Amino acid sequence: MENRITGTWCTLLLPLNTDDSIDFGKLEVQIDALIAFGVSGIYSNGTAAEFYSQSEVEFDQISELLAERCRANATPFQIGCNHVNPMLALERVKRAAALQPDAIQVILPDWTVPSMDEIVDFLMAVQQAANPIRLVLYNPPHAKRVLLPEEYGILRESGVRLAGCKVKGGDAAWYAAMRQSDPELSLGVPGHTLASGILAGADGSYSNIACLHPGAAQAWYHLMAVDMERALELEKRIGLFMEQLIRPYITRYQYSNQAVDKLMAAVGGWAPITTRLRWPYRGVHEREVGAVRIEAERIIPEFFPTN
Ligand SMILES: CC(=O)N[C@H]1[C@H]([C@H](O)[C@H](O)CO)O[C@](O)(C(=O)O)C[C@@H]1O
């Protein structure tokens with residue numbers, strides 16, 4: 001089982017100046033803070049890191065910085081090579097592979113719905129470009145095509161060897177079908193339900209609540225191994241926090257997932273991250289941060305350690 005991708009994986013979040021340029025100094029501080037918390041791993045360029053609006057030069061700078069800091073500190077890292085343009089995604093994979101990450105993440109081609117044959121063609125080329133670096137398929141619920149468990153089996157039979165997937169998860173039948181399709185696939189699920197996810201058969205998470213506090217999210221992951229009952233009790237309160245304080249920004253005010261991930265980081269205050277998102281997406285206003293923090297501290301004090 002030692003090859004499985006487990007634990008709490010923390011996303012990078014782009015620190016942006018008021019002209020929308022990236023503050024690389026602050027990004028380095030953020031990466032070093034994540035490393036100091038001893039998290040299971042760090043990844044770049046998911047949705048939360050705003051991969052969809054980076055230039056190729058910025059992509060390279062971010063990947064190189066992450067690789068350099070993680071390698072110096074023996075911290076596992078994955079590079080997101082996601083791009084809605086499959087040609088550019090493939091080029092990103094070639095450049096990222098040279099940095100020797102623990103895995104490379106890719107999304108499926110995502111403008112028109114890809115057929116299964118097209119998906120296999122895409123992933124076979126990506127696999128060859130990444131070799132020997134392993135692949136994680138980032139297939140979120142909002143992807144144009146969300147793969148069914150049996151389709152992971154088709155990928156495997158076609159020669160695509162995925163190390164992991166980053167997905168929404170599902171019920172007991174979904175976990176059983178995934179295991180049957182590809183027993184070697186590490187199942188990475190959302191952060192705020194990780195304890196029940198682990199009970200059901202997940203390996204780890206690409207975690208939203210690690211944005212709130214990476215150290216607390218990691219401690220929660222460790223708690224799952226020693227006292228699942230307490231971990232599940234904390235999950236209930238994390239759920240309350242999400243429902244009461246975070247989800248309304250999405251459902252009522254139409255903010256994006258990445259907007260609330262950055263809001264959580266600003267609320268947690270563990271690194272210099274503001275709520276700003278790159279144009280044209282909107283971040284939650286900074287003035288909301290204080291009020292959310294007061295309420296959040298009441299519900300999940302574990303995420304606001306004092307030292
Ligand atoms: C609820 C939750 O944890 N959301 C996280 C999602 C899911 O892990 C993924 O979509 C699989 O469902 O991934 C991100 O968007 C990402 O990697 O950028 C970060 C976000 O915080």
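Refer to the structure above for everything that follows.
A short tour of the structure in this document, coming up.

Cut-off values and rules
Residues numbered from 1 in each chain as written. Predicted model: local features only at pLDDT ≥ 70, side-chain atom pairs only at ≥ 80, totals over all residues. Heavy atoms only, no water. Salt bridge = Lys/Arg side-chain N within 4 Å of Asp/Glu carboxyl O. Helix = DSSP H or I, 4+ residues; strand = E, 2+ residues; numbered from the N terminus. Buried < 20%, exposed > 50% of the residue type's maximum accessible area, 1.4 Å probe, protein only. Expected span 1.5 Å × (residues − 1). Contact = heavy atoms within 4.5 Å. Polar contact = N/O pair within 3.5 Å; in protein donor to acceptor, adjacent residues only side chain to side chain. Axes fitted to C-alpha atoms, helices over the stretch in contact; angles between N-to-C directions. Parallel < 35°, antiparallel > 145°, perpendicular 65-115°, else oblique. Nonpolar A, V, L, I, M, F, W, Y, C, P; charged D, E, K, R; others polar.

Section: the pattern of salt bridges
- The final tally for this structure, using the stated rule, is 19 salt bridges.
- A salt bridge links Arg4 to Asp203, with the nearest nitrogen and oxygen atoms 2.7 Å apart. Placement of the pair is Arg4 in the segment before strand E1 (7–11) and Asp203 in the loop between helix H7 (194–200) and strand E8 (204–206), with a sequence separation of 199 residues.
- Since its relative accessible area comes to 9%, Asp203 is described here as buried.
- In the salt-bridge network here, residues are joined through shared partners; they are Glu56, Asp60, Arg92 and Arg95.

Quick look at helix H1 (residues 24–36)
- Between its terminal C-alpha atoms H1 stretches 18 Å, which fits the 18 Å expected from 13 residues at 1.5 Å a residue.
- Listed as buried for H1 are Leu27, Gln30, Ile31, Ala33, Leu34 and Ile35.
- On its buried face, H1 sits against E1, strand E2 (41–44), helix H2 (56–72) and helix H9 (214–226).
- Its side-chain oxygen 3.1 Å from the backbone nitrogen of Gly25, Asp23 forms the N-cap of H1.
- Remark: Gly38 follows H1 within two positions and exhibits a positive phi of approximately 70°.

Looking at the packing of H9 against helix H10 (residues 228–251)
- Interhelical geometry of H9 versus H10 gives an angle of 140° and a closest axis separation of 6 Å. Relative to H10, the element H9 is oriented oblique. The residues of H10 that touch H9, namely those facing Trp220, Leu223, Met224 and Val226, are Met228, Arg230, Ala231, Leu234, Glu235 and Ile238.
- Across the contact of H9 with H10, the residue classes tally to eight nonpolar, no polar and two charged.

Looking at helix H4 (residues 116–130)
- In a regular helix each residue adds 1.5 Å, so 15 residues correspond to 21 Å; H4 covers 21 Å between its end C-alpha atoms and thus fits that length.
- On its buried side, H4 packs onto helix H3 (86–97), strand E4 (103–106), strand E5 (134–138) and helix H5 (149–157).

Section: the packing of helix H11 (residues 257–268) against helix H12 (residues 289–299)
- Between H11 and H12, the shortest axis-to-axis distance is 9 Å and the interhelical angle comes to 70°. Here H11 is positioned roughly perpendicular relative to H12, judged by the angle of their axes. Each of Leu263, Ala266 and Val267 in H11 lies in contact with H12, whose residues at this interface are Val289, Val292 and Arg293.

Worth remembering: the numbers are spatial, not functional.
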